[in-house]
Amino acid sequence: MKALILNCTLKPSPETSSTEALARVVMAELEKGGAETELIRLVDLNLKPGVTTDEGEGDDWPAVHAKLMAADILIMATPTWLGQMSSVCLRALERMDALFSETDDSGRPVAFGKVAGVVITGNEDGAHNIVATVCQGLIDMGFTIPGQSWTYWHLGPGPGPDYVETDKGHDYSDRVGRNAARNLLALARVLKPDTYPVPESGE
């Protein structure tokens, strides 16, 4: 089973990303459950504006799209700015709009059979709004969203330390993130039981 995590931080590598730090909590639990994970920091790429899979010369989205098609689980990880998802996250969703017109050999939308979740960090509220907005878009594309397939961390309005700068709130965010990973894995196996059978107890 493959899980793709799209880190939509505004910070280019090698800057420390709080969003990546929380996403890696979820990734660790996915790997514990047998998934192969990959994280892509989208801001490092040239993602041209548009709503097709390939926007021409220099566009790095086609390679991301290929990884998305190979994944069973997608996680959108975004910081919060002005109570909203990052511009990078919105750009990714805009590029994924192309999935509406892409179908498999049987004529089903290519996102059918894939599950998705959300990771959010930031010092401002807005996490539930972002979960709702991102998940609605993913559902429209054909992704299946398990219950509680998200986690978030923030310290409320105003300036303050980042996730990587304080332990405050980590217990809740990390625990919810691990539960999200388990729910994603469970539903992914239900959608493709022949490919990913549920491990026997003790495995």
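Relevant structure appears above.
What counts and how
Residues numbered from 1 in each chain as written. Predicted model: local features only at pLDDT ≥ 70, side-chain atom pairs only at ≥ 80, totals over all residues. Heavy atoms only, no water. Helix = DSSP H or I, 4+ residues; strand = E, 2+ residues; numbered from the N terminus. Buried < 20%, exposed > 50% of the residue type's maximum accessible area, 1.4 Å probe, protein only. 1 Å grid on protein atoms, 1.4 Å probe; cavity = no way out; pocket = protein on both sides within 12 Å on 5 of 7 lines; lining within 4 Å. Points joined across faces, edges and corners; volume = space filled by probe spheres on them. Nonpolar A, V, L, I, M, F, W, Y, C, P; charged D, E, K, R; others polar. Salt bridge = Lys/Arg side-chain N within 4 Å of Asp/Glu carboxyl O. Pairing = 2+ DSSP bridges. Right-handed = clockwise from strand over helix to strand, strands pointing away.

Novice: Where do I start with the environment of P14 in this structure?
Specialist: Within the secondary structure, P14 is located in the loop between β1 (2-7) and α1 (18-32). Through-space distance from the C-alpha of P14 to that of Y172 is 27 Å; in sequence the pair is 158 residues apart.

Novice: Whenever I open this one, unusual backbone geometry confuses me. Can you help?
Specialist: Working note: non-glycine residues mostly have negative phi, and peptide bonds are mostly trans. Of note, the amide linkage connecting S13 to P14 takes the cis form, showing an omega dihedral of 5°. With a phi close to 55°, L82 is a non-glycine residue in the positive phi region. The residue Q148 is not glycine, and still its phi comes out positive at about 50°. Structurally, Q148 can be placed in the loop between α4 (127-141) and β6 (150-153). Relative accessible area serves as the criterion here: at 54%, Q148 is assigned to the exposed category.

Novice: When you look at the layout of surface pockets in this model, what are you seeing that I'm missing?
Specialist: In this model, the largest pocket occupies a volume close to 230 Å³. Forming the walls of the largest pocket are 16 residues, and the residues nearest its centre are K11, P79, W81, T121 and D162. When contributions to the lining of the largest pocket are tallied by element, the ones reaching two or more residues are α1 and β3 (73-81). In terms of residues, the lining of the largest pocket owes the most to one element, β3, which gives three residues. Broken down by class, the residue content of the lining of the largest pocket amounts to five nonpolar, eight polar and three charged.

Novice: Got a minute to help me understand the pattern of salt bridges in this structure?
Specialist: If charged atoms from side chains of opposite charge come close, those side chains can pair. The tally for this structure, following the rule as stated, stands at nine salt bridges. Its salt-bridge partner being R24, residue E20 comes within 3.0 Å of it at the nearest N-O pair. Here E20 pairs with R24, and both are found in helix α1, just four residues apart, close to one helical turn. Taking relative accessible area as the criterion, E20 reaches 15% and is therefore assigned buried. Assessed through its relative accessible area of 42%, R24 is described here as partly exposed. The partner of D59 in a salt bridge is R95, and the shortest N-O contact between them spans 2.6 Å. With a gap of 36 residues between them, D59 in the loop between β2 (36-41) and α2 (61-70) and R95 in helix α3 (residues 87-96) connect regions that are remote in the sequence. For the pair D59 and R95, a shared accessibility class is recorded, and that class is buried. One continuous salt-bridge network, built from bridges that share partners, spans E20, R24 and R41.

Novice: Even after reading the chapter, I still don't get the pairing of β1, so can you show me in this structure?
Specialist: If a strand is regular, its side chains alternate between the two faces of the sheet. Here β1 lies mainly inside the structure; five of its six residues are buried. Summarising the sheet, β1 and β2 pair through six bridges and their orientation is parallel. Counted as the bridge partner of L6 is I40 from β2. Crossover β1 to β2 through α1 is right-handed. Relative to β3, β1 runs parallel, the two sharing five bridges. From the neighbouring strand, L4 faces β3, where its bridge partner is L74.

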